[in-house]
Number of protein chains: 2
Amino acid sequence: MAKQITIVGAGLVGSMLACYMSRRGHTVKVYERRPDMRKAGYIGGRSINLALSHRGIKALSKIGLYEKVEHIAIPMYGRMIHDVQGNTQLTPYGKEGQAIYSISRGDLNRIMVEEADKFPNVDFYFNERCTHIDFDTNTAQFENNESKNIATQKSDIIFGSDGAYSQVRYQMQTTPNFNIHQHHEPYGYKELHISPGPNGEHLMEKNALHIWPRGSFMLIALPNTDGSFTLTLFNNLEGENSFAELTDEKSVTAFFQKFFPDALALMPDLAQTFFKNPTSSLVTIRCYPWKYKNTCLIGDAAHAIVPFYGQGMNCGFEDVNELDDLLNQHHEDWEKTLYQFQTQRKPNADAILDLALHNYIEMRDLSGRKDFQLRTQIERRIAEAFPEKFMTHYSMVTFSDLSYHEAKMRGEKQNELLEAIMRLDNIEQQWQGDTVLKMAAEWLEKN
Amino acid sequence: MAKQITIVGAGLVGSMLACYMSRRGHTVKVYERRPDMRKAGYIGGRSINLALSHRGIKALSKIGLYEKVEHIAIPMYGRMIHDVQGNTQLTPYGKEGQAIYSISRGDLNRIMVEEADKFPNVDFYFNERCTHIDFDTNTAQFENNESKNIATQKSDIIFGSDGAYSQVRYQMQTTPNFNIHQHHEPYGYKELHISPGPNGEHLMEKNALHIWPRGSFMLIALPNTDGSFTLTLFNNLEGENSFAELTDEKSVTAFFQKFFPDALALMPDLAQTFFKNPTSSLVTIRCYPWKYKNTCLIGDAAHAIVPFYGQGMNCGFEDVNELDDLLNQHHEDWEKTLYQFQTQRKPNADAILDLALHNYIEMRDLSGRKDFQLRTQIERRIAEAFPEKFMTHYSMVTFSDLSYHEAKMRGEKQNELLEAIMRLDNIEQQWQGDTVLKMAAEWLEKN
């Protein structure tokens, strides 16, 4: 039976959810506190470029959306590591042809809202800030940012897809037995920019995610379709070499000269840009339950994570995809569906949250180390030798359908093997020899 | 210079803060979402009787409030442990004459509001629910529960003393870098009642806190001035013997018959009362920072704890007392005061939160065990032998001015000594002998 569904938040997950729900025949009303991005342009809270990968593409493809956005997605086949001298080294992310895709959050969001709005049973309301949820009557209240008028919307089901600082979740926080852990990391980020070359060309390798790993901090760069790169400096907020020490144009230039000379050479206006852009914080949200009566959190509202595994959006899109599967499985029994949705997704959300936190260490520190690079090569070699039995940890998360929880567990298990291999004498010399594959075969036999 | 101060929440901490601030000459407006308890009677969210002790009494006394409430405070000199056969054993809380005081939350709150309202520079507004804080302009917005009218109040300083589910904190949660951990315990509580005897007398020992420790659950009773007792059953929400198994009058009666036969004998209407009263949950709140711009959290809003150390209110009152000291110390420099308030109080709030969680185990389980009772006796014996150097852990928390943090650290340190003593051969026989005091003397020499 067709339901009245209210979606709070027209971001990536909210607009995808609108497409999925309207496709099922439900009547959908989407409320968004920001202005209509189709008119106003995108005013994002977080504008880090996104890395779209398998889970996200799968959810987009299922409803024919991927072909609408494919043209704005730039494949990145590997990590391009930049050392302090400006030498670069590419490590592929997966097998030949496998890539993650750099995509602009703003463009993607705009297209998804346009597509959702094509459904006759979807209505969007912008500039509408959620101010209250009455969980007993399934009524959401909104205040218009311009007119200050108050609107109420009664429906059968309410979704909170309103992001890390979800108003729906704040409302839910006052209901019995709601647990939440909202934690800001002691590091933050600042966006920077490399302009296109004179002929609109990319001034570094286009089809890679660039990383300048420097131990306690790092710079990354993702390509844009216009020939530019969006760069992000991730750094501690306090302490040696931290944001706290980057107080004027002189210190910023000296910092980049010392640690990122090749990037600095491509950013003539760095010192000015640096102080124009804010230093933003990074938050993680663990909470439970996600469902209260007929209201349910989804996406970042339920599980905001740090961006270091490139899985925030992909995880949110997978939420929607699995919700859709569960509605099929339970023949549109919403009570069963939402209950199973939260129990099934929660361990996966917890797993990717932990993996994302850990991946900061891998990106900013380990990825620049010789022993870690060797370990990655060995992991890839085993995966190639035993394609049916062994996947690299990165591939499990990024290129597979394994649940995040399963990927995390298997990754931890595989660590045992990789650590044993790394303890071999002269592993630097013999990693391409037979011993490594023999050890792997024995381990795979037992595990 | 006199400030305009808005206090959100006229509970125990809010009304005490109103007294303290008006006494300093500030203009104070207190907004409370509940009706005026002087007219409507107390409608509490949590009506567990309170145990007022040294820290709370000190803060009340400093502004002459203790003499106004002393007549409704019933001294409890120790724990009265009830075993399954109905045998009782009293363990004193402190030295001769030291007590904690059973006091009704409703009566105490009413008197404090009356006292605060006597100041000409204090105004109370009831039925006013805080709906928004504009941190940039120090403006709080309220909606009247009856008229639905919206009021705004601009001031110099805003305090959120609105309890565990603080609206001010929910607002603060959206500000940069606010961290919070809101956790509901897997156990809950239900209030029960023992009526006075035929002549208005208490049917059990009046001057004790009664405990029926049963391992994974417990019943407690605190005396009221009218001859009755308020009882609270604390129990797991799920599992063996939990609330989940107490589904009808028969199972409740059987449960009490098995575990609390002496209490059951005094509660002829138990089975009916049990299902009239709700099963409530217990929440802990850890958050930081408490101050954002000119708004500051205080009391439960900043650090809600479980009730097992009887320190929730005492800690909130100590907050107000220390804030007052800091205002003196910094000559009413509010920026410095609020900043130091949060940095100074946070470790103490964390400490009492942990101690309170741990004390549930002590009350429901350990307090009924012979070895723990012996350990308590030994601890008291050492404290009596070395009154200048050694305090029992309970006394540090309950009867001293030591910071909670210091009390927790010292308690952990003293554990080493007590555990070494408990490992002595035949400690049951020799605990009153010389060895124990010799070990204590040696340990005190080194620590």
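Relevant structure appears above.
Residues numbered from 1 in each chain as written. Chains lettered and ligands numbered in written order. Predicted model: local features only at pLDDT ≥ 70, side-chain atom pairs only at ≥ 80, totals over all residues. Heavy atoms only, no water.

(A) The overall build of chain A, seen in detail. The number of helices and strands found in chain A is 17 helices and 19 strands. Against the 2.2 N^0.38 benchmark of 22 Å for 447 residues, chain A shows a C-alpha radius of gyration of 23 Å, consistent with a compact globule. In terms of its C-alpha atoms, chain A occupies a principal-axis envelope of roughly 70 × 60 × 40 Å. Long-range pairs, those at least 24 residues apart, make up 69% of the contacts in chain A between residues at least 6 apart in sequence. Approximately 18,700 Å² of chain A is accessible, and the part contributed by carbon and sulfur atoms is 48%. For chain A, the distance from the average site of its 47 positive side-chain charges to the average site of its 57 negative ones is 2 Å. (Helix = DSSP H or I, 4+ residues; strand = E, 2+ residues; numbered from the N terminus. Rg over C-alpha atoms; globule rule 2.2 N^0.38 Å. Contact = heavy atoms within 4.5 Å. Areas by Shrake-Rupley, 256 points an atom, 1.4 Å probe, with all protein chains shown as cover. Lys, Arg positive; Asp, Glu negative; His and termini not counted. Charge placed at Lys NZ, Arg CZ, Asp CG, Glu CD.)

(B) Expanded view of the packing of helix α12 (residues 334-364) of chain A against helix α15 (residues 404-422) of chain A. All names here are of chain A. Direction vectors running N to C along α12 and α15 enclose 50 degrees, while the axes themselves pass 7 Å from each other. Classified by the interaxial angle, the pair formed by α12 and α15 is oblique. Listed contacts from α15 to Arg345, Pro347, Asn348, Ala351, Ile352, Asp354 and Leu355 of α12 are Tyr404, His405 and Lys408. Split into classes, the residues belonging to the contact of α12 with α15 amount to five nonpolar, two polar and three charged. (Axes fitted to C-alpha atoms, helices over the stretch in contact; angles between N-to-C directions. Parallel < 35°, antiparallel > 145°, perpendicular 65-115°, else oblique. Nonpolar A, V, L, I, M, F, W, Y, C, P; charged D, E, K, R; others polar.)

(C) How the structure looks around unusual backbone geometry. Residue and element names in this part refer to chain A. Between Tyr288 and Pro289 the backbone carries a cis peptide bond, its omega angle lying at -5 degrees. Examined against the element boundaries, Pro289 turns out to sit in the loop between β17 (280-288) and β18 (291-292). Although it is not a glycine, Asn138 adopts a positive phi angle of roughly 55 degrees. In this fold, Asn138 is placed in the loop between β9 (128-134) and β10 (139-144). Note on Asn138: relative accessible area 10%, which makes it buried. (Buried < 20%, exposed > 50% of the residue type's maximum accessible area, 1.4 Å probe, protein only.)

(D) Here's a closer look at the relation of the copies chain A and chain B. Once chain A has been moved 0.1 Å along the axis and rotated by 180 degrees, it coincides with chain B to within an RMSD of 0.0 Å. With respect to symmetry, the two chain copies, as superposed, fit the operation of a two-fold axis. The C-alpha atom lying nearest the rotation axis in chain A is that of His181(A); the distance is 2.1 Å. Here 93% of the interface residues in chain A have copies in chain B that are interface residues too; the copies meet face to matching face. (Least-squares fit on C-alpha atoms with pLDDT ≥ 70 in both.)

(E) Molecular detail of the state of the cysteines. Applying the stated rule across the entire model yields zero disulfides over all chains. No disulfide involves Cys315(A); its nearest neighbouring cysteine sulfur is the one of Cys287(A), lying 12 Å away. Here Cys287(B) stays free of any disulfide, with the sulfur of Cys296(B) as its closest cysteine sulfur at 9.9 Å. (Disulfide = S-S within 2.5 Å.)

(F) Summary view of the sheet that holds strand β4 (residues 74-76) of chain B. Residue and element names in this part refer to chain B. Spatial strand order, β3-β7-β4: three strands in an open sheet with antiparallel pairing. For this open sheet the edge positions go to β3 (50-52) and β4, each flanked by a neighbour on one side alone. Neighbouring strand axes in the sheet, compared pairwise and without regard to direction, differ in orientation by 40 degrees on average. (Pairing = 2+ DSSP bridges.)

(G) Geometry of the packing of aromatic side chains. Residue and element names in this part refer to chain B. The final tally for this structure, using the stated rule, is 54 aromatic pairs over all chains. Consider the rings of Phe234 and Tyr360, whose centres lie 6.2 Å apart with planes at 65 degrees: the pair is edge-to-face. In this pair, Phe234 is assigned in strand β16 (residues 229-236) and Tyr360 in helix α12 (residues 334-364), connecting sequence segments 126 residues apart. As far as the burial class goes, Phe234 and Tyr360 line up, both buried. Judged by centre distance (5.2 Å) and plane angle (70 degrees), the ring pair of Phe274 and Phe275 falls under edge-to-face. (Phe/Tyr/Trp six-rings, centres within 6.5 Å; stacked < 30°, edge-to-face > 60°.)

(H) Geometry of the pattern of salt bridges. Within the structure shown, the criterion is met by 58 salt bridges over all chains. Here Glu322(B) ties to Arg345(B) by a salt bridge, and the two come within 2.9 Å at their closest N and O atoms. With a gap of 23 residues between them, Glu322(B) in helix α11 (residues 312-329) and Arg345(B) in helix α12 connect regions that are remote in the sequence. Both residues of the pair, Glu322(B) and Arg345(B), belong to the buried class. Between Arg410(B) and Glu406(B) there is a salt bridge; the shortest N-O distance is 3.0 Å. Separated by four residues within a single helix, Arg410(B) and Glu406(B) lie in helix α15 (residues 404-422), roughly one turn from each other. By relative accessible area, which is 32% here, Glu406(B) ends up partly exposed. Each of Arg24(A), Lys62(A), Asp324(A), Asp325(A) and Glu332(A) takes part in salt bridges that share partners, so that together they form one network. (Salt bridge = Lys/Arg side-chain N within 4 Å of Asp/Glu carboxyl O.)

(I) Just the pairing of strand β12 (residues 157-160) of chain B, in detail. Residues and elements named next belong to chain B. Burial along β12 is two-sided: the face carrying Ile157 and Phe159 and the face carrying Ile158 and Gly160 are both buried. Bridging between strand β1 (residues 4-8) and β12 involves four bridges; their strand directions are parallel. The residue bridging Val8 from the neighbouring strand is Gly160, located in β12. Direction of pairing for β12 relative to strand β19 (residues 295-297): parallel, over a ladder of three bridges.

(J) Fine view of the sheet that holds strand β3 (residues 50-52) of chain A. Residues and elements named next belong to chain A. The strand order β3-β7-β4 describes an open sheet built from three strands, whose pairing is antiparallel. Here the strands that pair on one side only, and so sit at the sheet edges, are β3 and β4 (74-76). Pairwise comparison of adjacent strand axes, ignoring direction, gives a mean angle of 40 degrees for this sheet. Packing against the sheet, helix α11 (residues 312-329) makes contact with β3 and β7 (100-103), and its axis sits at approximately 50 degrees to β3.

(K) Structural context of the interface of chain A and chain B. Taken together, the 15 residues of chain A in the interface contact 15 residues of chain B. Note on chain A versus chain B: buried area summed over both sides is about 1,500 Å², and carbon and sulfur give 41% of it. For chain A, the biggest contributors to the area lost against chain B are Gln173(A), Asn177(A) and Gln182(A); these three give 30% of the whole. Taken together, chain A and chain B are joined by zero salt bridges. The interface formed by chain A and chain B holds 15 residue pairs in polar contact (both at pLDDT 80 or more) in total. (Buried area = accessible area lost by both parts, 1.4 Å probe. Polar contact = N/O pair within 3.5 Å; in protein donor to acceptor, adjacent residues only side chain to side chain.)

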